[in-house]
Amino acid sequence: MGNRQQTDDDLTELVARECIATKVRLLNRAVTAVYDEALRPYGLKVSQMTVLVTVAKLGEASPGAVARTLHLEASTLSRNVDRMRARGWLDAVPTADGRAHLLRVTPRGRRLLREAHDAWNGAQRRAGKLLGEQGVRGISRTVAAFSRARRVSD
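Residues numbered from 1 in each chain as written. Predicted model: local features only at pLDDT ≥ 70, side-chain atom pairs only at ≥ 80, totals over all residues. Heavy atoms only, no water.

Draft legend 1. Quick peek at unusual backbone geometry. Positive phi, normally seen in glycine, also occurs at histidine 71, with a value near 55°. Note on placement: histidine 71 falls in the loop between helix H4 (63-70) and helix H5 (74-86). (Helix = DSSP H or I, 4+ residues; strand = E, 2+ residues; numbered from the N terminus.)

In structure tokens, the structure reads:
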């Protein structure tokens, strides 16, 4: 029994020490907190800002297109969109056949993006400083590589 417990403890220690997913999730939470703190005065979270920016870039976009662009589950996007529509930041515009809708940033949402830009920029600088130049470059390279690999596999 002692050997099995030692093996279980060794495996637990190995996963706790080396799990890439755990490290990425911890990093995500830390970086997200930097942005969310900066954006809090605007009633905005970085996850919502990302959706607003993506929809603004696309002009009018189906929820599916936004979810694919951001690699989000449809249910996660739906929860954010519902909140953002309630706050007047996004509109849902019916398609020509009326069977679906497209998302569009409202004038209020565009104003929010303009007003929150300086706070976002401050968070960007703070996160960059915490990660270091090498860390930021490494994250950018890794995200690009994962995006390329995902496009190939889709």
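Additional details are given in the paragraphs that follow.
Draft legend 2. Highlighting the layout of surface pockets. A volume near 2200 Å³ is recorded for the largest pocket. In terms of lining, the largest pocket is formed by 41 residues, of which the most central are Asn28, Thr32, Leu70, Ile139 and Val143. The greatest single-element share of the lining of the largest pocket, amounting to 14 residues, is contributed by helix H6 (residues 107-153). Taken together, the residues that form the lining of the largest pocket break down as 19 nonpolar, 15 polar and 7 charged. (1 Å grid on protein atoms, 1.4 Å probe; cavity = no way out; pocket = protein on both sides within 12 Å on 5 of 7 lines; lining within 4 Å. Points joined across faces, edges and corners; volume = space filled by probe spheres on them. Nonpolar A, V, L, I, M, F, W, Y, C, P; charged D, E, K, R; others polar.)

Draft legend 3. Up close: the pattern of salt bridges. The tally for this structure, following the rule as stated, stands at 7 salt bridges. Between glutamate 13 and arginine 17 there is a salt bridge, with the nearest N and O atoms lying 3.6 Å from each other. Residue glutamate 13 and its partner arginine 17 are both found in helix H1 (residues 2-18); the two are separated by 4 residues, about one turn of the helix. By relative accessible area, glutamate 13 is classed as partly exposed at 44%. A relative accessible area of 44% means that arginine 17 is categorised as partly exposed. With its nearest N and O atoms 3.8 Å apart, the salt bridge here joins arginine 104 to aspartate 91. One end of the pair, arginine 104, is in strand E3 (residues 101-105); the other, aspartate 91, is in strand E2 (residues 90-94), and 13 residues separate them in sequence. Its relative accessible area of 33% is what places arginine 104 among the partly exposed residues. Using a relative accessible area of 33% as the deciding quantity, one classes aspartate 91 as partly exposed. In this structure, a network of salt bridges that share partners links the residues Glu13, Arg17 and Glu18. (Salt bridge = Lys/Arg side-chain N within 4 Å of Asp/Glu carboxyl O. Buried < 20%, exposed > 50% of the residue type's maximum accessible area, 1.4 Å probe, protein only.)

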